[in-house]
Each structure stands twice: as structure tokens, then as C-alpha cells.
Amino acid sequence: MADTPRVAVVGASGFIASRLVEWLVLRNLANVRPIVRSFKGMARLARFDLDCRVADARDPAALERQLKGCAVLFLCVVGGRDTLLQSAEATYRAAARAGVRRLVYLSSAVVHGHHPPQGTDDYSELVVRQPFEYNVSKVMAEHLFRRIRADGAVEVVTLRPSIVFGPRSNWWTAQIATDLLSNKAYLIDGGAGICNTVYVDNLAQAMWQAAIAEGVANQDFIVTDGELVTWLDLYSAVAEAVGVDTATVAMINSDAVTQLTRVARRKELWGKVTGNRFARAIRELIPSRVVETIRQQCHSARLPAYSSALVEPASRGLPSVDPEIASLQQCQYVLPITKAREVLGYAPQVTFSEGARRTAEWLRFAFGVAQD
Amino acid sequence: MGNPVSPKSERVALIGCGAASEILYASALDMLSAERVIEVTALVDPNPERTLAIGKKFPLARHHLNVDSMLAETAPDLAIIVSPHGFHADLAIKCLEKGSHVLCEKPMATTTVDCDRMIDAAEKAGCLLAVGHFRRLFPSSRMVKRILDEELLGPVRSFRFLEGEIYSWPAQTASFFKRAEAGGGVLIEAGVHTIDLLLWWLGDVAQVLYRDDSMGGVEANCLIRLKMISGAEGVLQLSRDWSLPNRYVIECQKGWIAYMYDVVNRIEWGFHDSECGLDAEIRTRAANNLAGMRELGSAAPGFTDCFTAQLRNVVDAIHGAASLQVSGKDARKGIALIEKCYRNRALLDMPWLGELEMRRARELAHG
């Protein structure tokens, strides 16, 4: 390990970052220093004998102390807008003072929107006006980096992964499995939308390339598996792993999505009304007949009569639709990784089908079905 | 001067003022202080910020940076050890040698050698040594124990315990993640409770096969296959890395019984030949109603009640009014099994890793 570079992984306890740490250690590529916000974040990382540190990524002074001696920093902090922006600025400043040469920032392909137009690539202008808070925050963080990296103190390489799946992924693996098992999963337009997956190991490889490649400073890269994968492909892979027949998944026509998301929002609103003590107190003052009418309004699926045929199988009933997931599932564009291949030297090592196999192995273990 | 304290109040020292003291012990001790059952006279922690944090509840307690300083001043009637695992034995022995009774947080120690030293010290001093396996006081775990002991569902054939969650304990130091201080990972930290219940319910172990995912550090996942002396066979899977179903299911000859992790007042059970089962709420036994018929009363004690009850039990045992619920000798069995697991550990099968990674993982796992 003496000849390997010392690298810091900030926000190391999360899904992608903890796999990056594991991936680097098991390949003996780097002397890894994970940095977590609190001691509890060490639990997964402590499987290895590493020099794990604690620092708040929004605190440049605390971070600077923990970054001393590191040549590269991977910034993988997750959180809301404030956390993303504060950690971006603080980490850059701390890295500059600590003498870090390169900062690899984990952004997201959502900076191009959920439905990137044909021709979108790494150089396309970021989509500032988007309906989802997370996407806008990621755009703002990239803009912030462009501004602060102009001083040249630290090289910044930005990666934009899309749908990251694999062992320990909650959103694109475990949650899909849970939804499938609890009959809550759905696919828009038969799952024909483009999924733009990236298996977590391929992303780790891209992150490593971003750390070591020459001539990539201050550049941005889209990262996917580089295959044509649909949402049906992803859901089918997870469904097979947990023994669910994909034929039982609700298939929703995209024409119905607007109505269904409206219903979902009404139900969410009703949940807020009933879950808040103050709101409950107000409700006590309203005649029960009126309350019941509001409740029915919130819960009724106000789909036009013709649209009952838009959900199949019909016996499946109307699922609760998450607007972000529904939006993502309607992507029609395969994001290109030409620049990552040519400039970064990224070559995905794990095919989608092999990633799906490995993910299935983990799912069976994590859901407690792998012992016999 | 504070409020006058009844002569029966036991003077208690809380040794280690981390998250467990703050979240669990402080409120229980506060309640018993209000009842004049105990009086917290000393708080010990190398970090003065931690004693100050706990000290808000116990303004009369003296603050010490280490146990030697406390014992030089006065030995408490009862020392509660809540330090990092690796310090349990030495701290307990120091207190026992000064004549203090000891309640030691789990795990009792990280090795059976240390367990034996603690038991010997308690015997020599004529003091009590209790261990904080308070889940044995849960109405649900006691109900399982009774059903199994009485063989209401027939003898045990097999079992499967799956317990895990993404680690969320607000640890105040890194001690839980260093083998030298913690003795191991999820098995000795959370799993020692599970193992204690398993041994209490199902008896001693005949054979054990153990695998975990430690690769030079401490494990976040482990899988144990057990064959009990009774002949029952089963699996225990633990994780601090991912949420598992958190159910312990025991299959008996005539039926099955399920204990849900940290669900204090409910068990599930059923007969194998019945399509339905019972979702059973545990409530207190009430006096017969006006018609002279049996009825159940209020909900059985909850989590906090059970935690406090273990402290009451130790105080009652000091007064000679009760025997200890879990003594050092009882708790040693769990440490012996954990020690055996670690001694014979193999790397967990992780087929989601590549071949090259597994090769390196084996190198790291076996040093």
C-alpha cells in the first residue's frame, strides 16, 4: 500500500461511497481514508482496517485537518440543497488548503433533466428549470463548482451517473424489491422507457479513472453502463431475484400519470392533515360531514371514466404513483458515454446482466433468503 | 444539600457516560432516584463534556475522569459499567475489589478469560455481578420462554433468527468499530443480546459454524449455523449494514412461535395444521370480573419499564429480596459462544463480489 495514493472519500457511509471504498481496498488501488459525519457512519466501513475520520463536510476547518496528506478527494455527500451547496464549497476550500490535487465530485445525470432531448451530451447546457428539488439542487451544486474551481486551486472532475443500482442501493434495488413484494410496484407504458442504468462497480471504476486520468481537470462526464436498458429490464431483474412475477406489476399508461400523481399528492395532503396535531385540532371544529367529503376527495382516484383501462391488470387497482419515479420512467433517450470512454478512459467492466446477477445475489442475502 | 435520602438508597456510580448512559440509564436512574431507591453519587468518563451532559439530571453527583479517582474518594454501593466493551472487565474488577456491587452493560466482556476474572473477583469480594441482558425481562421474551419450557407446542425442531438494521446508534466514540475496544462487530455488540435469548430459550449449543464479512476490521454482517444439544438446528443472521426482517421464528413439533425484535408486548404463534395463527398482545393478568370470570388488564410493562426493572432487580438482590435476573455466570455462556464463533470464523460468502475481490477479501480476512 506504500506506493498507492492516499485518497479521501467524503460522505463515505452512503451506498455509492461505501462501495467505492470497498472497491478500492479490494483492488489495492489506494490508501483510502473514509470521512464520515458521525461515528455511527463507520459501521459498514469498519469491516476494513482503515484510517476512518469524522468531520462535518460543511465545516472547512474540520475537513482540512482530515484531508492532510490526501492527493485525491471523492465528494459523495448526499442531502438536501443546503447540505449539497455548503459541502461543495467547504470541501473545495478545505481541499485547497490541505493541498489536495484533485476533487472528484459525484453529481447526477438529472442535471440534464428526466427527459433529455435527443443529442444531449456532457457539454449540453444544464437544465435549470425542473419540477424536482433534488434535480435543481444538483444543477446549483455544479454551477457552484464551476464558479469556485475557476481559481485553479484544485482540479475538479464532475461525474454524472444516472440510475445507480447494485448491492446496498436503496432506491434502485431494495426499494424496487420491497415495492414488488408489497404489490406497490408499477411501470409506465409497459416499462419501455430508457433506464440509463449504471451498475455501482462501473461507477466506482469511473470515479477511479476520474481520480487518475490526465488532462481531465475541470471536465464533466456522463456515466452509465453504456447499454440500452429499459425500466422493464431493471424491474424484471429485481423481480426474478425476489421471486415476483413481473406480470403482476401494475402497468400504467403514461396518459394516466398526471391524474395519478394528482391523486398521490392529494393523499399526501390528507396524510399531512391527519398527521399534524394542529391540523387535527382544526379538523375537530369542522362538521364531520364536511371532513368526510374532503377525505373522499383526497382518496378518490379521479380518473376519467375511460382511463380505468389505462392500468393493467385491471384487478391490480390503482397504485400510488411517485411523480419523480413516474417522470424518470418516461425517459426516451440513451445518454451517451462517448466522452467518458474517450477522455476518461472509462470502460464499463460489468455488463447489465452480470450486474443484475450480482445484485440478485445480494438481495437474497439482504432479504434473508440466502442461507440454505 | 439536596433532598434527604432514605437510608435504603443505594449509592450508584455510572461509569461511562456515552450514548447508552444518556439514552437508557439516565432516565431509569432518574426515576429510581425520585423514588429514593438509589442516589447517583458519581459520574465517570474521560470526556468531561459527557459527564456534564449526564450530570444535568444528577446535580449532586461527583464527576471523575477515571475510576481510580472515584474509588480513591469513595466506593459506591453499586457501580454501573457502561464503558466501551474492552474496558468492562478491568473496571468491574476494580469496583468489585473495593466492595461495590456491579451491574455491567452487555457484553459482559470480550473474552471468557475476562468473564472468569470478573466472576472470581465478585466471589472473593462477596459482591453481586449482574449483566444488563434486560431483554430477558420483556413480557414477550418471557412468554416465549414459558411456552418453550412447558413444550406447549411440542419440542423445538428448528429456528431462524434474522436481526438487522442500518446502524443508527448515536455512538459518541469510535470504540464500537475497533476490535481492540469492542471485541468484534455486530455479533458481540447487538448479537450478544440475541445469543443470550437464544441460549436462555433453547439451551446449550452442540455445534456452531460461523461466517462474517470482517476483512481486517470488525464485521457488519454475520451468519451462524447452530445445532443445539436438544437436537434443534437453526440459523442466526445479524446485520448492522442492512435491515433484516427482525423476527426470530422457532418451529416446534406442533406449531411455531415468533418473537419480533424489541417488540415487548406481542408475539405471534400458530399450529402447523392450521391456516390461521395468533397475533397475541401480552397484557397483565387482572382480577376476575364481576361475573367471576377471568379478564386481562392493562398492557404489560413496556421497553422502558423493563429497562428500569433490571435496575430494581439488582437493588432488590443487594437487599437480599430477590435473586439476580442475569448474573455474570449466566452471561458468560453467551460470551463463550461468541468467542468460539470468532475463533473459528470463516469469510462470509459474498457472491455479489467479483472473484478477484473475494481473493483479496480472504487475504484481508485471514491476516
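Residues numbered from 1 in each chain as written. Chains lettered and ligands numbered in written order. Predicted model: local features only at pLDDT ≥ 70, side-chain atom pairs only at ≥ 80, totals over all residues.

(A) The arrangement of the overall build of chain B in detail. Within chain B, the secondary structure is distributed over 12 helices and 17 strands. A compact globule built from 367 residues should have a C-alpha radius of gyration of about 21 Å, and chain B, at 22 Å, falls within 12% of that. If you line up chain B on its principal axes, its C-alpha atoms span 70 × 65 × 35 Å. Looking at chain B residue by residue over its 367 residues, the buried ones come to 49%. The contacts in chain B between residues at least 6 apart in sequence include a share of 67% that link residues at least 24 apart. (Helix = DSSP H or I, 4+ residues; strand = E, 2+ residues; numbered from the N terminus. Rg over C-alpha atoms; globule rule 2.2 N^0.38 Å. Buried ≥ 20, exposed ≤ 12 C-beta atoms within 10 Å, placed from the backbone. Contact = placed C-beta atoms within 7 Å.)

(B) Structural context of the overall build of chain A. If you tally the helices and strands in chain A, you get 13 helices and 12 strands. Each of the 372 residues in chain A was classed as buried or not, and the buried ones make up 50%. A separation threshold of at least 6 residues defines the contact pool for chain A, and within that pool the share at least 24 residues apart is 81%.

(C) Structural detail: the sheet that holds strand β1 (residues 6-10) of chain A. All names here are of chain A. Here we have seven strands laid out as an open sheet, ordered β3-β2-β1-β4-β5-β6-β10, and parallel in their pairing. Looking at strand neighbours, the two that pair on one side only are β3 (53-54) and β10 (219-223), the edges of this open sheet. Taken together, the five bridges between β1 and strand β2 (residues 31-36) define a ladder with parallel strand orientation. Across the sheet, residue A8 finds its bridge partner in β2, namely R33. Along the sheet, helix α1 (residues 15-26) makes contact with β1, β2, β4 (72-75) and β5 (102-106), crossing β2 at roughly 160 degrees. Each of β1, β4, β5, β6 (155-161) and β10 is contacted by helix α6 (residues 200-212), which is oriented at about 165 degrees to β6, the strand it contacts most. (Pairing = 2+ DSSP bridges. Axes fitted to C-alpha atoms, helices over the stretch in contact; angles between N-to-C directions.)

(D) Representation of the nonpolar core. Of all hydrophobic cores here, the largest spans 233 residues; its most connected members are A:V9 and B:L14. A total of nine residues in this core trace back to one element, the largest contributor, which is α1(A). (Core = buried A, V, L, I, M, F, W, Y, C linked by C-beta atoms within 7 Å.)

(E) Focus on the environment of A:N135. Residue and element names in this part refer to chain A. Tracing the backbone through its elements, the reader meets N135 in helix α4 (residues 133-148). As a C-alpha pair, N135 and V111 span 24 residues in sequence and 5.9 Å in three-dimensional space. Setting aside residues up to four positions removed in sequence, N135 forms contacts with V110 and Q130.

(F) Structural detail: the sheet that holds strand β2 (residues 38-44) of chain B. Residue and element names in this part refer to chain B. Taken in spatial order, the six strands make up an open sheet running β3-β2-β1-β4-β5-β6, and their pairing is parallel. Each end of this open sheet is capped by a strand with a single partner; those strands are β3 (62-64) and β6 (129-131). With direction set aside, neighbouring strand axes in the sheet form an average angle of 25 degrees. Relative to β2, strand β1 (residues 10-15) runs parallel, the two sharing six bridges. Bridge assignment links I15 to a residue of β2, and that residue is V44. Of the strands in this sheet, β1, β2 and β4 (78-81) touch helix α1 (residues 19-34), which is tilted by about 145 degrees from β2.

(G) Layout of the interface of chain A and chain B. Facing the 20 residues of chain A at the interface are 33 residues of chain B. Ranked by the residues each element gives to the side of chain A that touches chain B, the list is headed by helix α13 (residues 352-366) of chain A, at five residues. Of the residues in the side of chain A that touches chain B, the class split is nine nonpolar, four polar and seven charged. (Nonpolar A, V, L, I, M, F, W, Y, C, P; charged D, E, K, R; others polar.)

(H) Summary view of helix α2 (residues 60-67) of chain A. Residues and elements named next belong to chain A. All of the buried residues along α2 are P60, L63, E64, Q66 and L67. For α2, the angular spread of the buried residues around the axis is 170 degrees, confining them to a single face. Lining the buried residues of α2 we find β1, β2, β3, β4 and α3 (81-98). Trailing α2 by a residue or two, G69 shows a phi angle of about 90 degrees, which is positive. (Arc of directions from axis to C-beta.)

(I) How the structure looks around the environment of B:I93. Among the structural elements, B:I93 can be located in helix α4 (residues 88-97). With 20 C-beta atoms packed within 10 Å, B:I93 lands in the buried category.

(J) Representation of the domain arrangement of chain B in the model. All names here are of chain B. When its domains are assigned, chain B resolves into domain 1 (10-134) and domain 2 (135-303 + 327-347). Relative placement of domain 1 and domain 2: their C-alpha centres are 26 Å apart. Taken together, the contacts link 22 residues of domain 1 with 25 residues of domain 2. Top element by residues in the side of domain 1 that touches domain 2 is helix α5 (residues 112-125). It accounts for five residues. (Domains from an automatic or database assignment.)

(K) Just the confidence of the model for chain A, in detail. Of all residues in chain A, 84% have pLDDT values of 70 or greater, and the mean over the chain is 90. Counting contacts from residues 301-309 of chain A, a segment whose pLDDT is below 50, to residues more than four positions away or on other chains yields 11 contacts. (pLDDT = per-residue confidence, 0-100.)

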